[in-house]
Amino acid sequence: MSCKESKQYQWLDFNGEKCSSCGLCINYCPRDVLRKGDDDVPFMKYRDDCWYCDICSFVCPNKAITLKEVPYLIK
Ligand code: SF4
Ligand code: SF4
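All of these numbers come straight from a predicted model, not from anything done at the bench.

Draft legend 1. Local environment of the site of ligand 2. Taken together, 13 residues are adjacent to ligand 2, and C19, C22, G23, C25 and C60 come closest. Taken together, the residues that form the shell around ligand 2 break down as nine nonpolar, four polar and no charged.

Right, dumping it as structure tokens:
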């Protein structure tokens, strides 16, 4: 992960201790937002394409993903 990407605000939190790097969240994301970082834990590589659908956290077998914030427009 580049320095620029790591500093970009992410509204999905990936718990590196729970994540087993299975890649399910990356495969199921309908917007192809996620990629594995240098530590093999996913991050929001294409953050602005995210639809906040929460499918990634739903499919995660380890409950490693938390949607921290939903924009006020779709709350
Ligand atoms: S919330 Fe939906 S669109 Fe956003 S990263 Fe997760 S699966 Fe992809
Ligand atoms: S689905 Fe969960 S355990 Fe698998 S790579 Fe994504 S965050 Fe990690």
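Draft legend 2. Quick look at a nonpolar patch on the surface. A surface patch of nonpolar side chains, amounting to about 250 Å² of accessible area, comprises L24, Y28 and I55. Given a relative accessible area of 32%, L24 falls into the partly exposed group.

Draft legend 3. Spatial organisation of the site of ligand 1. If you check the shell around ligand 1, you find 13 residues, and the closest are C29, C50, C53, D54 and C56. When the residues that make up the shell around ligand 1 are grouped by side-chain class, the tally is eleven nonpolar, no polar and two charged.

Draft legend 4. The pattern of salt bridges, seen in detail. In this structure the tally under the stated criterion is two salt bridges. Residue R35 pairs with D32 through a salt bridge whose shortest N-O separation is 3.0 Å. The partner of D48 in a salt bridge is R47, with the nearest N and O atoms 3.1 Å apart.

Draft legend 5. A look at the nonpolar core. L12, F14, C25, L34, M44 and I65 are the most contacted members of the largest nonpolar core, which has 15 residues in total. Elements represented by at least two residues in this core include exactly β1 (12–14) and α2 (24–28). Discounting residues that sit within four places of it in the chain, I65 has contacts with L12, D13, F14, C25, C56, S57 and C60.

Draft legend 6. Structural view of unusual backbone geometry. Positive phi, close to 70 degrees, is recorded for D40, a residue that is not glycine. You can see D40 is positioned in the loop between β2 (34–36) and β3 (42–44). A positive phi angle is found at Y52, which is not glycine, with a value near 60 degrees. Of note, Y52 is situated in the loop between β3 and α3 (55–59).

So, how was this worked out
- Residues numbered from 1 in each chain as written.
- Chains lettered and ligands numbered in written order.
- Predicted model: local features only at pLDDT ≥ 70, side-chain atom pairs only at ≥ 80, totals over all residues.
- Heavy atoms only, no water.
- Near = heavy atom within 4 Å.
- Nonpolar A, V, L, I, M, F, W, Y, C, P; charged D, E, K, R; others polar.
- Patch = residues over 30% accessible without salt bridge, like charges linked within 9 Å, V, L, I, M, F, W, Y side chains within 5 Å.
- Areas by Shrake-Rupley, 256 points an atom, 1.4 Å probe, with all protein chains shown as cover.
- Salt bridge = Lys/Arg side-chain N within 4 Å of Asp/Glu carboxyl O.
- Buried < 20%, exposed > 50% of the residue type's maximum accessible area, 1.4 Å probe, protein only.
- Core = buried A, V, L, I, M, F, W, Y, C linked by side-chain atoms within 4.5 Å.
- Helix = DSSP H or I, 4+ residues; strand = E, 2+ residues; numbered from the N terminus.
- Contact = heavy atoms within 4.5 Å.

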